[in-house]
Amino acid sequence: MRWMKKDALGVEARLRELRYSFHVIRRNRLTYASFIFILGLVIVAVIGPLIAPYPEDALGAVHPERAFMPPSPEHFFGTDEAGRDIFSRVLFGTRISLWIGVLVIILTLMIGVPLGVVAGYVGGMVDESIMRVTDMFLSFPSLLLALVISAVLGPSLNNSMIAIAISWWPWYTRLARGQVISVRERPFVEAARATGVKSLRIMFRHVLPNSLTPIMVQASLDFGSVILTAASLSFLGLGAQPPTPEWGLMLSIGRYYFLDHWHYATFPGLAIFATVLAFNLVSDGLREALSPRLRRL
Amino acid sequence: MLRRLLLSVLVLLGVCIITFVIARVVPANPAAMWVGTHPTAEQIARARKELGLDQPLYAQFFIYMGKLLSGDLGVSIRTHDKVLDDIASFIPASLELIGTGMFIAVVVGIPLGVMSAVKKDSVVDHFSRLFSIAGVSLFVPWLGMMGQLVTSKWAGLLPIGDRIDMSISVINPIQRITGFYLIDSLVTGNFVAFQSVASHMILPALVMAAYPIGLVTRMTRSTMTDILEEDYIRTARAYGLREMTIAYRYALKNAIGPTITVLALSFAYSLVETFLIETVFNWPGLGRYAALSIISLDYPAIMGIAIVVAVVYVALNLLVDLIQAYLDPRIRLK
């Protein structure tokens, strides 16, 4: 019974933390506006196909008779070289970009965090070898590594996501390891060990949950960068393939036409900018909220 | 010092191992990949022999290392030239672009960071925060395109792409000394060419600077904020020195370290960013070469560029440590 009570307290503390974070987000108007904007993006990503005026255009329908129409009430963002409605494609692109962000972050966490937990908890040779491997990966600029891996795996959206995850996991391994090392020495871990709980269970049921906050903050910080990286890969022809309405890919094709048809590249690029900016502003606010030094002020 | 050098060598070995794994172990048929999209059986057999793919993995690695150390990065499938020669001929254009971009980042970013630290929570500070976050949120190719649209297409102020006007490069050709057009044209007194080169440089360099400006501003601001609260600054204030003198003469000197680190790292990042920017500006440098190699899946070229960029990255990291030690005696003592 006492166990349950303690657990409930933990949940309450966590809720209080969450409520506090939300309070800080609300206090800064810019951060709050970005937060609302992201909520809007999520809604668009979910119901996009329902509100897009020309959903068939997002999937690659071709209407040569209405190619390169400038923005108008029928086509808010104009049309592209195949007469497809750019507004509809940008709406569908929201879903793709957010999906990429979520999937890549999850994949990165799945590779990076367990390795970091093991390295930090077990220590010794295991720690040493895992960390040397992360060092090797970190000796490349991550975008370059993602490019090369994606090129070798073959150009496709899925491969590009795998490539980004492979180039990013070492950061999370380092972070998780550092956290675990500080949590490892706490009394409750010792208590668990004394009662004979198996190492694996201690690592993932006792240590990991108590190391998770900074890792999750870092994940939220990285969301914008993941979207940008994925767009870069698509722009160079390694990510999504035509006619997928991915923003980076739309810009990649748009660069042949944008000087004569300004609307082509403008709107997909604006979508990337607004999305990444919103994520970066929120994570900036979040970092301020969670930084204990600033909190005292 | 020696330890640090040794460490760099180890890191380079790591780079070689990773590129080896990516190029030779991950692909199902590395030999076929190495010779192009439609290889003949004979070509594949020759590549297998040349890369040593018929031997055990460790022997393959030694062959691979041997080739790397002798500067043999293979032959580009697309240009049919040696990859190392290609890289050597394209890299000055990229370095010139990155160098100019970094210069802009320093000239704009450091004062902006100092200003927002001195006038914390003022309008300037809020503006610079938004400005720097916007800088790292932009998709650079898009920024480049929008710049071309506004300054070239609509306002007609700047040329759209390339390094120099075609006609000028024919009539007033630039003598190649360093490969940096700005320097070469100036040194040889070729001012017509210099003007053309400079006007071609403005827009791509500004786009290049967008990302590092944000980083430099934020890093300068955060270190300056801490240092401005130190005792010696309070002493300087008590002496009645002007706030600007304190900021630039006394505080900045101690705040510059982390900014230099950020600059060096963003230099390395910019090397990869040239892949995108040079594509947009049709800039004949390493980045466009890389982008074209990627599109045509020219693996020897892609792997060669990856190795060269990684080596530059490691070298820059080493350089930063040395500069830090030079600037800050406390680090040297450790």
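Small disclaimer: the values here were computed from a predicted structure and weren't measured. (Residues numbered from 1 in each chain as written. Chains lettered and ligands numbered in written order. Predicted model: local features only at pLDDT ≥ 70, side-chain atom pairs only at ≥ 80, totals over all residues.)

Q: Could you give an account of the overall build of chain B, with specific residues and numbers?
A: Across its full length, chain B holds 15 helices and 0 strands. Based on the C-alpha atoms only, the size of chain B along its principal axes is roughly 80 × 55 × 35 Å. By residue count, 42% of the 334 residues in chain B fall in the buried class. Taking contacts inside chain B between residues at least 6 apart in sequence as the whole, the part at least 24 apart equals 70%. (Helix = DSSP H or I, 4+ residues; strand = E, 2+ residues; numbered from the N terminus. Buried ≥ 20, exposed ≤ 12 C-beta atoms within 10 Å, placed from the backbone. Contact = placed C-beta atoms within 7 Å.)

Q: Give a description of the overall build of chain A that names residues and reports values.
A: When helices and strands are tallied, chain A shows 13 helices and 0 strands. Projected onto its principal axes, the C-alpha positions of chain A cover 75 × 45 × 35 Å. Evaluated residue by residue, chain A yields a buried proportion of 43% over its 297 residues. Here the contacts in chain A between residues at least 6 apart in sequence split such that 67% fall between residues at least 24 apart.

Q: Tell me about the confidence of the model for chain B, and name the residues and values.
A: All names here are of chain B. Looking at chain B, pLDDT values average 88 and 99% of them are 70 or higher. Here helix 15 (residues 329-333) is the element of chain B with the lowest mean pLDDT, 67, and helix 5 (residues 83-118) is the one with the highest, 94. Complex prediction metrics read pTM 0.89 and ipTM 0.89. (pLDDT = per-residue confidence, 0-100.)

Q: Go over the interface of chain B and chain A, please, and point to the residues and values.
A: Opposite the 37 residues of chain B that make contact, chain A presents 36 residues. The set of elements that each furnish at least two residues to the side of chain B that touches chain A consists of helix 1 (2-25), helix 6 (123-137), helix 7 (140-154), helix 12 (243-281), helix 13 (286-295) and helix 14 (299-327) of chain B. Broken down by element, the side of chain B that touches chain A gets its largest block of residues, 7 residues, from helix 7 of chain B. Partitioning the side of chain B that touches chain A into residue classes produces 33 nonpolar, 3 polar and 1 charged. (Nonpolar A, V, L, I, M, F, W, Y, C, P; charged D, E, K, R; others polar.)

Q: Can you break down helix 7 of chain B residue by residue, with the values?
A: Residues and elements named next belong to chain B. The first and last C-alpha atoms of helix 7 sit 20 Å apart over 15 residues, in line with the 21 Å expected at 1.5 Å per residue. Looking only at helix 7, the buried set comprises Val140, Pro141, Trp142, Leu143, Gly144, Met145, Gly147 and Gln148. Two residues or fewer past helix 7, Gly156 is found with a positive phi of approximately 65°. (Expected span 1.5 Å × (residues − 1).)

Q: Can you tell me about the nonpolar core, naming the residues and giving the values?
A: Grouped together as the largest cluster of nonpolar side chains are 162 residues, with contacts concentrated most on A:Leu147 and A:Val148. Element by element, the count of residues in this core is highest for helix 12 of chain B, at 18 residues. Filtering out sequence-adjacent residues up to four positions away, A:Val148 remains in contact with B:Ile22, B:Ile302 and B:Ala306. (Core = buried A, V, L, I, M, F, W, Y, C linked by C-beta atoms within 7 Å.)

Q: Please provide a residue-by-residue account of the packing of helix 1 of chain B against helix 4 (residues 57-69) of chain B, values included.
A: Residues and elements named next belong to chain B. At their nearest, the axes of helix 1 and helix 4 sit 11 Å apart, and the two run at 115° to each other. Overall, the two elements helix 1 and helix 4 adopt an arrangement that is roughly perpendicular. Where helix 1 crosses over helix 4, the handedness of that crossing is right-handed. Contacts between helix 1 and helix 4 involve Cys16, Phe20 and Arg24 from the former and Gln60, Phe61, Tyr64, Met65 and Leu68 from the latter. The residue makeup of the contact of helix 1 with helix 4, split by class, is 6 nonpolar, 1 polar and 1 charged. (Axes fitted to C-alpha atoms, helices over the stretch in contact; angles between N-to-C directions. Parallel < 35°, antiparallel > 145°, perpendicular 65-115°, else oblique. Left-handed = near helix turned anticlockwise from the far one by under 90°.)

Q: I'd love a proper account of the confidence of the model for chain A, names of residues and values included.
A: Residue and element names in this part refer to chain A. Across chain A, the average pLDDT comes to 87, with 93% of residues at 70 or higher. In this model, residues 1-8 is a region of pLDDT below 50 whose contacts with residues beyond four sequence positions or in other chains number 0 contacts. This model gives residues 293-297 a pLDDT under 50, and the stretch forms 1 contact once residues within four places in sequence are excluded.

Q: Mind laying out unusual backbone geometry, listing which residues take part and the relevant values?
A: The step from A:Pro242 to A:Pro243 runs through a cis peptide bond, and the omega angle for that step is 0°. Residue position: A:Pro243 is located in the loop between helix 10 (212-235) and helix 11 (247-254). The backbone of B:His80 sits at a positive phi, close to 60°, despite the residue not being glycine. C-beta crowding within 10 Å serves as the criterion here: with 8 such atoms nearby, B:His80 is assigned to the exposed category.

Q: Which residues make up the environment of A:Val44, and what are the values?
A: Residues and elements named next belong to chain A. Considering the arrangement of structural elements, one finds Val44 in helix 2 (residues 29-51). By the C-beta count within 10 Å, which is 18 here, Val44 ends up partly exposed. Here the alpha-carbon distance between Val44 and Phe92, two residues 48 residues apart in the chain, equals 8.4 Å. Among residues more than four places away in sequence, those in contact with Val44 are Leu91 and Thr94.

Q: Report on the packing of helix 5 (residues 124-138) of chain A against helix 7 (residues 157-184) of chain A, specifying residues and quantitative values.
A: Residue and element names in this part refer to chain A. Where helix 5 contacts helix 7, the two axes come as close as 9 Å, and the packing angle between them is 135°. Classified by the angle their axes make, helix 5 and helix 7 are oblique. In the packing of helix 5 onto helix 7, the handedness of the crossing is left-handed. Each of Ile130, Thr134, Phe137 and Leu138 in helix 5 lies in contact with helix 7, whose residues at this interface are Ser167, Pro170, Thr173 and Arg174. Looking at the contact of helix 5 with helix 7, its residues break down into 4 nonpolar, 3 polar and 1 charged.

Q: Please give an account of the environment of B:Ala193 that cites residues and values.
A: Residues and elements named next belong to chain B. Inspection of the secondary structure assignment puts Ala193 in helix 10 (residues 191-227). Distance from Ala193 to Leu241, taken between C-alpha atoms, is 47 Å for residues 48 residues apart in sequence. Once you skip the residues sitting within four places of it in the chain, Ala193 turns out to touch Ile164, Ile168, Asn172, Ile174 and Ser185.

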